[in-house]
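The residues making up each chain are set out below.
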Amino acid sequence: MSINDKLIIFDTTLRDGEQSPGASMTRDEKVRISRALERMRVDVIEAGFPIASPGDFEAVQAVARAVRESTVCGLARTLDGDIDRAGEALKPAASARIHTFIATSPVHMKKKLRMEPEQVLEQAVHAVKRAGRYTDDIEFSPEDAGRSEFDFLCRVIEAVIDAGATTVNLPATVGYNLPHQFGELIRRLIEHVPNSDKAIFSVHCHNDLGLAVGNSLSAVLNGARQVECTINGLGERAGNAALEEIIMTVQTRQDIFPCQTGLDATQIMTCSRLVSGITGFAVQPNKAIVGANAFAHESGIHQDGVLKSRETYEIMRAQDVGWTANRIVLGKHSGRNAFRSRLKELGIEYGSEEDLNDAFSRFKELADKKHEIFDEDIQALVTESGLESKDDWLKLVSLKVCSETGETPHASIMLWMDGTEKQAECSGSGPVDAAFRAIEELVNSGTELQLYSVNNITSGTDSQGEVTVRLQKGGRIVNGHGADTDIVIASAKSYINAINKIIKPESRAHPQMGDV
Ligand code: KIV
Ligand code: ZN
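Sequence order as written defines the numbering, with residues in each chain counted from 1. Going through the entries in the order they are written, you letter the chains from A and number the ligands from 1. Owing to the predicted nature of the model, reporting of local features is limited to residues with pLDDT of at least 70; listing and counting of side-chain atom pairs is limited to 80 or more, with chain, interface and lining totals taken over all residues. By convention in this description, side-chain values take in all heavy atoms of the structure and omit both hydrogens and water.

Observations regarding helix H10 (residues 268-279)
Okay, so step 1: A run of H or I in DSSP becomes a helix once it reaches four residues, and a run of E becomes a strand once it reaches two; helices and strands are each numbered from the N terminus. Take the number of residues in a helix, subtract one, and multiply by 1.5 Å to get its expected span. Helix length check: H10 (twelve residues) gives 16 Å between terminal C-alpha atoms against 16 Å at 1.5 Å per residue, within 8%.
Okay, so step 2: Think of it in three bands: with a 1.4 Å probe and only protein chains considered, a residue is buried below 20% of the maximum accessible area for its type, exposed above 50%, and partly exposed in between. Most of H10 is tucked away, with eleven of its twelve residues classed as buried.
Okay, so step 3: For H10, the complete set of buried residues consists of Ile 268, Met 269, Thr 270, Cys 271, Ser 272, Leu 274, Val 275, Ser 276, Gly 277, Ile 278 and Thr 279.
Okay, so step 4: At the exit of H10 stands Gly 280, carrying a positive phi of roughly 80°.

This is the structure in structure tokens:
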């Protein structure tokens with residue numbers, strides 16, 4: 001594919017997606033998501049904002065080590081410290097990109113940065129040159145481009161391209177633009193900036209008015225050849241453009257789009273489930289492509305049409321984006337080899353035999369409780385085995401809960417805490433409340449519960465329940481997860497998972513806040 005017909009997909013789930021309140025991810029979670037994105041053949045993975053905290057730095061570094069096929073990118077403001085930190089974190093990458101940005105709209109320059117336009121221009125050029133010490137692959141974003149003055153934007157873009165920027169990314173930071181205007185902005189910039197042929201033009205659209213995908217696609221029709229997007233549209237406020245919608249629109253409407261992505265769309269559902277499982281952000285049932293109802297034909301007229309000819313109501317096939325019907329894939333008698341080969345078919349890799357053995361013994365335990373094991377169960381089980389870490393100071397040993405009509409529910413719990421077993425009992429308004437209180441009796445975490453949600457992984461009353469718990473302490477928010485056929489046990493596991501995360505406090509900076 002030439003530069004004109006290749007549409008570069010830049011995924012920012014791990015950076016802008018993570019900026020959604022409550023969506024923070026651990027280093028290991030980021031590595032797991034980045035591997036899934038790599039399998040989908042995403043071109044660029046923005047792994048984080050290395051200056052934000054030691055944890056962010058380590059996560060970008062870990063993704064840079066783990067990913068070989070996609071370019072790994074780190075975000076940096078136009079400050080020397082930010083750029084050096086990003087360059088350092090990206091050292092292990094097979095292909096590294098530094099993404100530096102500064103706001104160019106009048107309101108941002110005056111009110112947020114308190115800088116004159118000429119200072120902004122100078123700093124942008126300086127940052128791009130400094131990034132050149134670490135890599136030739138440099139992206140520059142004039143933040144809030146959608147509300148910036150056209151002539152100033154042209155001057156900044158020309159100057160950063162001269163300084164070495166190879167990608168110029170135009171963000172619709174606050175989602176204010178309309179598709180026809182935003183497309184026209186891209187077309188005019190490409191026409192007016194004298195050296196525009198020396199860089200790829202990219203777009204990064206937020207969804208405040210529900211227009212992120214529309215704005216991005218309009219930009220593509222007007223010459224943009226990179227789109228920044230996130231899985232499930234995760235992101236700040238109303239989110240970013242949804243990757244799955246961009247890919248499938250371009251693929252489905254090849255009669256309109258003069259370009260193609262090289263992505264493997266069949267990996268979409270795996271990525272979607274992984275991101276929603278890790279962040280605890282459930283996907284709405286009617287969400288395009290990845291929502292549970294996206295391919296369900298309920299009404300008689302639709303069903304009749306689809307049975308006669310699929311094209312009557314279906315413009316895409318569910319299996320093309322990785323939806324598989326609930327299929328019984330394994331059972332109690334399946335052996336290690338069958339388990340390993342199903343994992344392989346699902347694109348799940350285990351780094352070591354020890355991890356594979358651990359997942360296999362979890363599978364055997366599950367198969368004893370639940371006779372039919374579906375792909376979704378295997379995915380949840382893999383997520384589960386990634387949840388526990390050797391560094392966890394808190395583990396569930398056993399839990400007994402009594403719940404009876406007319407009686408107060410009561411829980412008795414045994415926890416492994418920093419090497420010793422401790423026991424507590426508590427009553428509560430329900431069995432989950434009693435279990436959480438019993439945990440708190442022992443750990444006294446001082447956290448506030450912000451979210452408790454249970455989803456069934458497959459249908460049927462023997463399905464595993466997948467629980468997400470969100471805890472907050474001192475401004476820090478973490479998500480915990482747990483899955484089990486017993487939802488009270490799944491709840492306790494997810495609470496313990498969250499506690500294990502929150503006792504490693506870390507203060508993170510937000511990239512678009514602080515002064516420059
Ligand atoms: O929305 C935005 O402007 C951003 C920039 C950092 C690219 O996320
Ligand atoms: Zn953004």
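Read on, since the account is not over.
Observations concerning a nonpolar patch on the surface
Okay, so step 1: A patch consists of residues whose relative accessible area exceeds 30% and which take part in no salt bridge; residues with like charges are grouped when within 9 Å of each other, and nonpolar side chains (Val, Leu, Ile, Met, Phe, Trp, Tyr) when within 5 Å. Accessibility throughout is a Shrake-Rupley quantity obtained with a 1.4 Å probe, and a residue counts as covered only by protein chains that appear here. Salt bridge, as used here, is a side-chain nitrogen of Lys or Arg placed within 4 Å of a carboxyl oxygen of Asp or Glu. Taken together, the side chains of Leu 449, Tyr 452, Val 454 and Ile 487 make up a nonpolar region of the molecular surface, amounting to roughly 310 Å² of accessible area.
Okay, so step 2: Tallying contributions element by element places strand E14 (residues 448-456) first for the nonpolar patch, with three residues.
Okay, so step 3: Relative to the assigned elements, Tyr 452 resides in strand E14.

Thoughts on the pattern of salt bridges
Okay, so step 1: Evaluated as defined, the whole model comprises 31 salt bridges.
Okay, so step 2: Between Glu 46 and Arg 15 there is a salt bridge, and its shortest N-O distance comes to 3.0 Å. Placement of Glu 46 in strand E2 (residues 44-48) and of Arg 15 in the loop between strand E1 (8-11) and helix H1 (27-39) is noted, with a sequence separation of 31 residues between them. Accessibility assignment for this pair places Glu 46 and Arg 15 in one class, buried.
Okay, so step 3: Note that Lys 30 and Glu 18 form a salt bridge whose closest N and O atoms lie 3.3 Å from each other. Linking Lys 30 in helix H1 with Glu 18 in the loop between E1 and H1, this pair joins segments that are twelve residues apart in sequence.
Okay, so step 4: Under the relative-accessibility criterion, Glu 18 is labelled buried at 6%.
Okay, so step 5: Beyond isolated ion pairs, a larger network of salt bridges with shared partners links Arg 15, Asp 16 and Glu 46.

Points about the domain arrangement of the protein
Okay, so step 1: What counts as a domain boundary in this text is fixed by an automatic or database domain assignment. One can read the domain layout of the protein as domain 1 (8-279), domain 2 (294-324), domain 3 (327-387) and domain 4 (394-503).
Okay, so step 2: A straight line from the C-alpha centre of domain 1 to that of domain 3 covers 35 Å.

Concerning the site of ligand 1
Okay, so step 1: Lining the immediate environment of ligand 1, one finds Arg 15, Asp 16, His 99, Phe 101, Ser 141, Glu 143, Pro 171, Thr 173, His 204, His 206 and Gln 512.
Okay, so step 2: Any N or O atom pair separated by 3.5 Å or less is treated as a polar contact, with the protein-specific requirement of one donor-capable and one acceptor-capable atom, and with residues adjacent in sequence counted only for side-chain atom pairs. Arg 15 is positioned with one of its side-chain polar atoms (N or O) 3.0 Å from an oxygen atom of ligand 1.
Okay, so step 3: Between an oxygen atom of ligand 1 and a side-chain N or O atom of His 206, the distance comes to 3.0 Å.
Okay, so step 4: When ligand 1 sits alone it has 260 Å² of accessible area, and the protein chains cover 100% of it.
Okay, so step 5: Those elements that place two or more of their residues in the shell around ligand 1 are strand E4 (96-103) and strand E5 (138-143). To be near a molecule or strand, a residue needs just one of its heavy atoms within 4 Å of it.

Notes on the pairing of strand E3 (residues 71-77)
Okay, so step 1: Counting buried residues in E3 gives seven out of seven residues, a clear majority hidden from the surface.
Okay, so step 2: The alternating pattern of E3 places Thr 71, Cys 73, Leu 75 and Arg 77 and Val 72, Gly 74 and Ala 76 on opposite faces, both of which are buried.
Okay, so step 3: As judged from the four bridges shared by E2 and E3, these two strands associate in the parallel manner. Residue pairing for E3: Val 44 is matched across the bridge by Thr 71.
Okay, so step 4: The path from the first strand over the helix to the second decides the hand: if it runs clockwise while the strands point away from the viewer, the crossover is right-handed. Following the chain from E2 across helix H2 (residues 54-66) to the adjacent parallel E3, one finds a crossover that is right-handed.
Okay, so step 5: Inspection of the sheet shows E3 paired to E4 by six bridges, in the parallel sense. In the sheet register, Ala 76 faces E4, and the bridge partner there is Thr 100.
Okay, so step 6: After leaving E3, the chain enters helix H3 (residues 80-89) and then returns to the sheet as E4, a path that is right-handed. Any two strands with at least two DSSP-identified bridges between them are counted as paired.

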